Amino acid sequence: MNQTLSNNMKQINSIEEYNAQYKQSVQNHDVFWADAAESFSWRKKWDTVLDWNFTEPSVKWFNGAECNLSENCLDRQLATRANQVAIVWEPNDPKEQHRTLTYKQLYDEVCRFANVLKNTGAKRGDRICIYLPMIPEAAIAMLACARIGAIHTVVFAGFSSTSLADRINDCQCNLLITADAFYRGEKKIELKKIVDEALPQTTTIKNCIVYNHRNTAIEMKQGRDLWWSDLMKNASVENKAEAMLSEDPLFILYTSGSTGKPKGILHTTAGYMVYAGYTFKNVFNYQNGEVFFCTADVGWVTGHTYLVYGPLLNGATTIMFEGIPVYPDHGRFWDVVDKHKVNIFYTAPTAIRSLETYGTEIFKTKDLSSLRVLGTVGEPINEEAWHWYDKNAGKGKCPIVDTWWQTETGGILISPIATVTKLKPSFATFPLPGVQPVLMDGQGKEISGNDVEGNLCIKFPWPGMARTIYGNHERFRQTYFSSYPGYYFTGDGCKRDADGYYRITGRVDDVINVSGHRIGTGEIEDAIDEHELVIETAVVGFPHDIKGQGIYAYVICTGKVENEEKLRTEIKAMVTEKIGAFARPDKIQVVKGLPKTRSGKIMRRILRKIAEGDISNLGDTTTLIDPTVVGQIKEGAL
Ligand code: WTA
């Protein structure tokens, strides 16, 4: 078996090294990525480093090779760090004991659970749904799936029963892993009850494995539901990881787009592994033995790549925090940093902005001297929040990496390299080695030079990129490779300033980003349309001080609405039931009509402007069927 990754993967330590690596990654990409891949352990080496075209599209990295991600995260670490802590679990309630798992303990648990999966009938290629709170069992389940070659699809525990059922049905999972219940702050979430509502809407689930987290009374359906602990008791701790082909599917993660139902983004094994390991080590300038705290939930891609896989591939200690930033008070993140001596802290701008509202007094009692690097992800960070974070958390000494990436990209694409890149607040700065971003103009041409703005595309493959949408390759092609033929289109707008620094300006499609959660306006519209009084809905985002974007819904109803307040409450409940509480609209305006063009298209530009409160100049409205609706909407704006 190879040495540990951290010892032999090249790390970027100066801007000259960054420039050299970047140049090599463009001019000699095969050599560059083969070199990065050498630090992992392979059962069999690749025949080719990269085969690709962005037309079909078809992308294959390290084709012909065999490896296993779980083996690279665990077995490979045992020789040098069996007794080092791999995962620290910090509970929601600080009065409860935290848990630690060393690399050896995690390895044993994963092997045992891999055998549980096999004993339950799971095999290579099966889809397994993980619907768990932020507890180590989520990571154990993911790693065990990867170990036996099953494809995990983690569903964020904030999603409703309908969303859970939709995801299970879309990729036909036959096994579900869940827990009885959990707390977020003071709120108890009865997860198994949600599962019991979801499963009758599905047909493929044979078994449901339940982890007893909170000793909550739940119903166990005979023949279907099995206790995690019972199964583990009887399982052997010996498990040899499956040799997976490089392009074998690793996981599916659902994410929202402009239209239609959420898409099952599919990532494959070897490219994702190399990219997660490489980017974690370089972006955060990770040093051996450091403690890394990523506050994202495992139900989102950040939790996959930078809470579980990236840190474990590098032999880091990763913190898994079950709670929320403001429970029991707004100092909780800093308590966790202080208690576990966190070196690298990675969170979302929305969390920073919400903590900002409480002031800085709390920092006086916390020792944050262990912090060396800070990061942000998920949405643009405004300058004010950047400076607040820098001053109060980083004490002006910690570089902040503003990391831009997406569920589809698998890992970070544009970001400073901590300690190396000269920072500019609110800029994601420069592409990582291997990443070739371009800005496109309205005619579909690349915009050259600096001090420019356009739609962000990537013109060359990187190992962590998604390979398809599960079960719908045509939708994958259509969504990402058809707007600009030959390019991957990100859906984001972007500026390149006079110094060549990249700044992401936000989505240019109908996706909104609420508190770092990505939601398609179409999904919310579909949920609201289910209300019996609603005929038609149009949802747009508007700037929100804390959430980044808030949700503004315009609804047309049948007849006269007697009680608008009641309607609003019911619509919010409808969205909670169909999607989850995080997608509830902030503002709901009842309107008589929507601004539509003669072809029936809603002019969202106008609705966005009104939602923003910018009603002075709505642009050309002469192409609307009925321009008078605009005046009515303006009058009733919230
Ligand atoms: C946005 C999250 C500005 C962007 C990893 C992207 C960002 C979407 C940043 C993906 C950033 C993510 N600056 N915007 N540093 N990071 N975004 O799939 O609009 O949940 O397209 O992946 O979040 O969201 P997703």
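Shown above is the structure to which this text applies.
Scope of this entry: the structure provided in the associated data block. (Residues numbered from 1 in each chain as written. Predicted model: local features only at pLDDT ≥ 70, side-chain atom pairs only at ≥ 80, totals over all residues. Heavy atoms only, no water.)

Side note on the packing of helix 17 (residues 521-529) against helix 18 (residues 564-578)
Heads up, the condition is: To obtain each axis, a line is fitted to C-alpha atoms, and for helices this fit is confined to the stretch in contact; angles are then taken between N-to-C directions over 0 to 180 degrees. We count a stretch as a helix when DSSP gives it H or I for four or more residues in a row; a strand needs E for two or more, and each element gets its number in order from the N terminus. Here is the rule for angles: anything less than 35 degrees is roughly parallel, anything more than 145 is roughly antiparallel, 65 through 115 is roughly perpendicular, and the remaining ranges are oblique. It is the rotation of the near helix from the far one that decides the hand of a crossing: anticlockwise by less than a right angle makes it left-handed, clockwise makes it right-handed. Contact definition: two residues touch when any of their heavy atoms are within 4.5 Å. Any residue outside Ala, Val, Leu, Ile, Met, Phe, Trp, Tyr, Cys, Pro, Asp, Glu, Lys and Arg is labelled polar, Gly included; the first ten of those are nonpolar and the last four are charged.
Taken N-terminus to C-terminus, the directions of helix 17 and helix 18 make an angle of 120°; their axes are 8 Å apart at the nearest point. On the basis of the axis angle, helix 17 is oblique to helix 18. Handedness of the crossing formed by helix 17 with helix 18: right-handed. Contacts from Ile524, Ala527 and Ile528 in helix 17 reach Ile571, Met574, Val575 and Lys578 in helix 18. A per-class count over the contact of helix 17 with helix 18 returns six nonpolar, no polar and one charged.

A look at unusual backbone geometry
Test applied: Only protein chains enter the accessibility calculation, which uses a 1.4 Å probe. A residue is then buried if its area is under 20% of the maximum for its type, exposed if over 50%, and partly exposed in between.
The peptide bond linking Glu56 to Pro57 adopts the cis configuration, its omega dihedral lying at -10°. For Pro57, the location among the structural elements is in the loop between strand 1 (48-53) and strand 2 (58-63). Along the chain, Tyr327 connects to Pro328 via a cis peptide bond; the corresponding omega equals -5°. Along the polypeptide, Pro328 turns up in the loop between strand 17 (317-321) and helix 13 (332-340). Unlike most non-glycine residues, Lys395 shows phi in positive territory, near 50°. Of note in the backbone geometry, Thr429 takes a positive phi value of approximately 70° without being a glycine. In this fold, Thr429 is placed in the loop between strand 20 (400-403) and strand 21 (437-440). For Thr429, a relative accessible area of 0% gives the class buried.

Quick word on the packing of aromatic side chains
When we look at a pair of aromatic rings, we describe it by the centre distance and by the angle of the planes. In plain terms, the rule: Only Phe, Tyr and Trp rings are paired, with Trp represented by its six-membered ring, and only when their centres lie within 6.5 Å; those with planes under 30 degrees apart are stacked, over 60 edge-to-face, the remainder tilted. Charge-over-ring placement is defined geometrically: NZ (Lys) or CZ (Arg) within 6 Å of the ring centre, and within 35 degrees of the ring normal.
Here the structure, examined in full by the defined rule, presents 52 aromatic pairs. Between the aromatic rings of Phe284 and Phe292, the centroid separation amounts to 4.9 Å while the plane-to-plane angle is 70°, which identifies the pairing as edge-to-face. Judged by relative accessible area, which is 0%, Phe284 ranks as buried. Grouping aromatic residues by their ring pairs yields a cluster made of Phe32, Trp33, Trp42, Trp46, Trp61, Phe62, Tyr275 and Tyr278. In this structure, Arg167 is placed above the aromatic ring of Phe159, and the distance from its NZ or CZ to the ring centre is 4.1 Å. For Lys424, the ring lying beneath its charged end belongs to Tyr501, and the centroid distance is 4.4 Å.

With respect to helix 14 (residues 349-356)
Extensive coverage of helix 14 is indicated by the burial of eight of its eight residues. Among the residues of helix 14, Pro349, Thr350, Ala351, Ile352, Arg353, Ser354, Leu355 and Glu356 are the ones counted as buried.

Notes on the sheet that holds strand 19 (residues 373-377)
To be explicit about the condition: Pairing between strands is defined by DSSP: at least two bridges between them are needed.
Strands sit in the order 5-4-17-16-18-19-20 across an open sheet of seven strands; the sheet is mixed. Unpaired on one side and paired on the other, strand 5 (99-102) and strand 20 mark the two borders of the sheet. Across this sheet, the average inter-strand angle for adjacent strands is 20°, counted without regard to direction. Summarising the sheet, strand 4 (residues 85-90) and strand 5 pair through four bridges and their orientation is antiparallel. Bridge pairing in strand 5 places Val88 opposite Thr100.

What about the site of the ligand?
To be explicit about the condition: In these notes, residues near a molecule or strand are those with any non-hydrogen atom within 4 Å of it. The definition of a polar contact used here is a pair of N or O atoms within 3.5 Å, where within protein one atom must be able to donate a hydrogen and the other to accept one, and adjacent residues in sequence count solely through side-chain atom pairs. Working definition of accessibility: Shrake-Rupley area with a 1.4 Å probe, residue cover restricted to the visible protein chains.
Lining the immediate surroundings of the ligand are 17 residues, of which Asp402, Thr403, Thr407, Asp492 and Arg518 lie closest. Within the contact set of the ligand, a nitrogen atom lies 3.1 Å away from a backbone nitrogen or oxygen of Gly378. Asp492 is positioned with one of its side-chain polar atoms (N or O) 2.6 Å from an oxygen atom of the ligand. With the chains in place, 95% of the 520 Å² that the ligand exposes on its own is no longer accessible. Mapped onto the shell around the ligand, the elements with two or more residues apiece are helix 12 (301-313), strand 20 and strand 25 (502-507). Grouping the amino acids of the shell around the ligand by side-chain chemistry returns six nonpolar, six polar and five charged.

A few points about the state of the cysteines
What counts here: Working definition: a disulfide is two cysteine sulfur atoms within 2.5 Å of each other.
By the definition in use, this model includes zero disulfides. Between Cys111, a cysteine without a disulfide, and Cys73, which holds the nearest cysteine sulfur, the sulfur-to-sulfur distance is 13 Å. Cys294 takes part in no disulfide bond, and the closest cysteine sulfur to it belongs to Cys73, at a distance of 15 Å.

A word on the sheet that holds strand 24 (residues 488-496)
Read from one edge to the other, the open sheet built from four strands follows the order 21-22-24-25, with strand pairing classed as antiparallel. Of all the strands in the sheet, the pair left with one neighbour each is strand 21 and strand 25. Strand-to-strand twist across the sheet, computed as the mean angle between neighbouring axes with direction ignored, equals 45°. Across four bridges, strand 21 lies against strand 22 (residues 452-458) in antiparallel orientation. Paired with Pro437 across the two strands is Ile458, which belongs to strand 22.

Digging into the nonpolar core
In summary, soluble globular proteins display a tendency toward joint burial of nonpolar side chains. Filter applied, for reference: Throughout this description, the term nonpolar core refers to a set of buried Ala, Val, Leu, Ile, Met, Phe, Trp, Tyr and Cys residues connected via side-chain atoms within 4.5 Å.
Counting residues in hydrophobic clusters, the biggest one holds 126 residues, and the most contacted among them are Trp42, Phe62, Phe113 and Phe284. Counting residues per element, this core draws most heavily on helix 7 (residues 136-148), which supplies ten residues. The contacts of Phe284, once residues within four sequence positions are left out, are Thr279, Phe292, Tyr306, Ile344, Tyr346, Arg372, Val373, Val401, Ile412 and Ala418.

Topic: the packing of helix 8 (residues 161-171) against helix 9 (residues 191-198)
Where helix 8 meets helix 9, the axes come as close as 8 Å, and the angle between the chain directions of the two elements is 55°. Comparing their axes, helix 9 and helix 8 come out oblique. The element helix 8 and its partner helix 9 pack so that their crossing is right-handed. In this structure, helix 8 contributes Ser161, Leu164 and Ala165 to the contact, and helix 9 contributes Ile194, Val195, Glu197 and Ala198. Tallied by class, the residues present in the contact of helix 8 with helix 9 amount to five nonpolar, one polar and one charged.

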